[in-house]
Amino acid sequence: MKRTALTMAIAMLTSPAIAADQMTLLLDWFVNPDHGPIIVAQEKGYFAEQDLEVEIIAPADPSDPPKLVAAGKGDLAVSYQPQLHIQIHEGLPLKRVGTLVATPLNCLLVLKDGPIKTPADLKGKKIGTSVAGVEEAILGTVLKNHGLTLKDVELVNVNFSLSPALMSKQVDAVIGAYRNFELNQMNIEGVEGKCFYVEEEGVPPYDELIYVANSDTMDKEMIARFLSATEKATQYITNHPQESWEVFSSTSTELQDELNKLAWTDTWPRFSKRPAAMDAGRYAKFEAFLNEAGLIPSQNPVEAIAIDVTAQ
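Attention in this report is confined to the structure presented alongside it.

Here is what the cut-offs are and how they apply
By convention here, each chain's residues receive numbers from 1 onward along its written sequence. The predicted origin of the model limits local features to residues at a pLDDT of at least 70 and limits the giving and counting of side-chain atom pairs to 80 or more, whereas totals for whole chains, interfaces and linings rest on all residues. Only hydrogens and water are set aside when side-chain values are computed; all heavy atoms of the structure are taken into account. Secondary structure elements follow DSSP: runs of H or I of four or more residues count as helices, runs of E of two or more count as strands, with numbering from the N terminus. When checking whether two residues touch, look at their non-hydrogen atoms; a contact exists if any pair is within 4.5 Å. As used throughout, the charge tally considers Lys and Arg to be positive and Asp and Glu to be negative, leaving His and the chain termini uncounted. The location of each charge is read from NZ of Lys, CZ of Arg, CG of Asp or CD of Glu. DSSP-based pairing: two strands are paired if at least 2 bridges between them are found. Between the N-to-C directions of two axes lies an angle of 0 to 180 degrees, each axis being a line fitted to C-alpha atoms and, for a helix, fitted only over the stretch in contact. Summary of the burial criterion: residues with accessible area below 20% of their type's maximum are buried, those above 50% are exposed, and those between are partly exposed, where the area comes from a 1.4 Å probe applied to protein chains only. Each reported salt bridge corresponds to a side-chain nitrogen of Lys or Arg within 4 Å of a carboxyl oxygen of Asp or Glu. Each aromatic pair joins two rings of Phe, Tyr and Trp (for Trp, the six-membered one) with centres within 6.5 Å, and gets the label stacked for planes under 30 degrees apart, edge-to-face for over 60, and tilted for any other angle. Geometrically, a lysine NZ or arginine CZ counts as sitting over a ring once it is within 6 Å of the ring centre and also within 35 degrees of the ring normal. Working definition: roughly parallel below 35 degrees, roughly antiparallel above 145 degrees, roughly perpendicular at 65 to 115 degrees, and oblique for all remaining angles. A clockwise turn of the near helix away from the far one marks a right-handed crossing, whereas an anticlockwise turn of less than a right angle marks a left-handed crossing. Note on residue classes: Ala, Val, Leu, Ile, Met, Phe, Trp, Tyr, Cys and Pro are nonpolar, Asp, Glu, Lys and Arg are charged, and everything else, Gly too, is polar. The term nonpolar core refers to a set of buried residues drawn from Ala, Val, Leu, Ile, Met, Phe, Trp, Tyr and Cys, joined through side-chain atoms within 4.5 Å.

A tally of regular secondary structure across the protein gives twelve helices and ten strands. If one aligns the C-alpha atoms of the protein with their principal axes, the spans along those axes are about 90 × 45 × 30 Å. Sequence separation of 24 or more characterises 80% of the internal contacts of the protein that already satisfy a separation of 6 or more. Counting 26 positive and 42 negative side-chain charges, the protein places the averaged centre of each group 4 Å from the other.

Further remarks concern the sheet that holds strand β8 (residues 173-178). If you walk across this open sheet you meet the five strands as β7-β6-β8-β5-β9, and the pairing is mixed. What marks the edges here is a single partner per strand, and that holds for β7 (154-157) and β9 (193-197). Shown here is a sheet whose adjacent strand axes are inclined to one another by a mean of 35°, direction ignored. Summarising the sheet, strand β6 (residues 126-129) and β8 pair through two bridges and their orientation is parallel. Following the sheet pairing, glycine 128 is matched in β8 by valine 174. Relative to the sheet, helix α6 (residues 134-144) contacts β5 (106-111), β6, β7 and β8, its axis offset from that of β8 by approximately 120°.

Relative to the helices and strands, lysine 95 resides in strand β4 (residues 94-101). One buried charged residue, lysine 95, remains without a salt bridge, the closest side chain of opposite sign being aspartate 216 at 7.8 Å. Leaving out residues up to four positions away in the same chain, lysine 95 has contacts with Leu84, Tyr211, Val212, Ala213, Ser215, Met218, Glu303, Ala304, Ile305 and Ile307.

So, on to the pattern of salt bridges. Using the criterion set out here, one finds six salt bridges in the structure. The residue glutamate 199 makes a salt bridge to arginine 179 at a minimum N-O spacing of 2.8 Å. Pair noted here: glutamate 199 is in the loop between β9 and β10 (209-214) and arginine 179 is in the loop between β8 and α8 (182-188), with a separation of 20 residues, a long-range link. Two residues, arginine 225 and glutamate 221, come together in a salt bridge whose shortest N-O distance is 2.8 Å. Of this pair, arginine 225 and glutamate 221 both sit in helix α9 (residues 220-239), four residues apart, roughly one helical turn. Here arginine 225 falls in the buried class, since its relative accessible area comes to 13%.

Here we come to the pairing of β10. Across the six residues of β10, six count as buried, placing the element largely inside the fold. Two strands pair when backbone bridges link them, and strand β3 (residues 76-79) and β10 are joined in this way by three bridges, in the antiparallel orientation. Counted as the bridge partner of valine 78 is tyrosine 211 from β10. For β4 and β10, the ladder comprises six bridges, and the chain directions are antiparallel. Residue pairing for β10: glycine 98 is matched across the bridge by tyrosine 211.

With that settled, consider the packing of aromatic side chains. Tallying each qualifying case throughout the model produces nine aromatic pairs. An angle of 50° between the planes, with centres 6.1 Å apart, marks the rings of tryptophan 245 and tryptophan 264 as tilted. Here tryptophan 245 is found in helix α10 (residues 241-249), whereas its partner tryptophan 264 is found in helix α11 (residues 258-267), with 19 residues between them in sequence. The pair tryptophan 245 / tryptophan 264 is uniform in exposure class, with both members buried. Cluster of aromatic residues (ring-pair linked, three or more members): Trp245, Phe248, Trp264 and Phe271. Between lysine 44 and the ring centre of tyrosine 236, over which it is positioned, the NZ or CZ distance is 4.2 Å.

Turning our eyes to something else, we now look at the packing of α10 against α11. α11 packs onto α10 with a crossing angle of 140° between their chain directions and a minimal axis gap of 11 Å. For the element pair α10 / α11, the angle class is oblique. In the packing of α10 onto α11, the handedness of the crossing is right-handed. Only Asn260, Lys261 and Trp264 of α11 make contact with α10, whose side of the interface consists of Pro241, Ser244, Trp245 and Phe248. Partitioning the contact of α10 with α11 into residue classes produces four nonpolar, two polar and one charged.

Among the nonpolar cores identified, the biggest contains 43 residues, and Leu25, Leu76, Val97, Tyr211, Ile223 and Phe226 are the most heavily contacted of them. With nine residues, the single largest contributor to this core is α9. Apart from the residues within four sequence positions on either side, leucine 25 is in contact with Ile38, Val54, Glu55, Ile56, Ile57, Leu76, Ala77, Val78, Tyr211 and Phe226. Among the nonpolar cores identified, the runner-up in size contains 24 residues, and Val134, Ala137, Leu143 and Leu148 belong to it.

Spelled out as structure tokens, the structure:
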């Protein structure tokens, strides 16, 4: 009996461990504080606890990740709720399966000491944009809230040089600036900015960053484990923001600068505490908003846009 027990114990120690499930996650951009729960989950071993081995890939082109997931070349992509609605109408087989950043980050940014005190002051002024479509719909709503239309302003495509275009006074305002990055970037340069928050200016609240999966081939059970790991990471970040910053920033010297440190402080309170949970009304309202703005031809039911993969 003793010999049999010993033989079994040795066999257990020498047998190979069960391989973790492989998962590919495509980020929306290079690693930055917006991705806090993902990196902390990786570094703290929370993915491993869920028997997952997650490969995190930063894209060469920020527009590629949803397309790659739709083409079956990735399990998950970090993307944006506003763009998801449009991509589904374009025929991409995508669905929101989780939330990363649960509030808008987008804002209409102006110089704090400049002549623009309210959006109403933008009549006849230049506004910098980087992405056509959704940003124009959001800007149009903000302007409408102050008695203006897009015809009252001049739109200037500044690509992704939003804060430089504003600081150099090439434009009088920019739309699409992130309140956790561009504001801090300007402060570091010694130029204070002021944000008009789009959700306070008539735009329906939305999830800025979400996880999307292929609606035809997704592995719901594996995604649920991924979200459980990032939920645990978010709880750790909420309880230990400074320690979490140290974990996050230790992964790359490029993250250890003043901008990322300031952005971390402004970002972590916005991480979704319940990444799997879904607010159906939020998605229905934003679908209606985009339809009214003429960016989508009809309104899809919520179940065609987003799901809770943990729901039974």
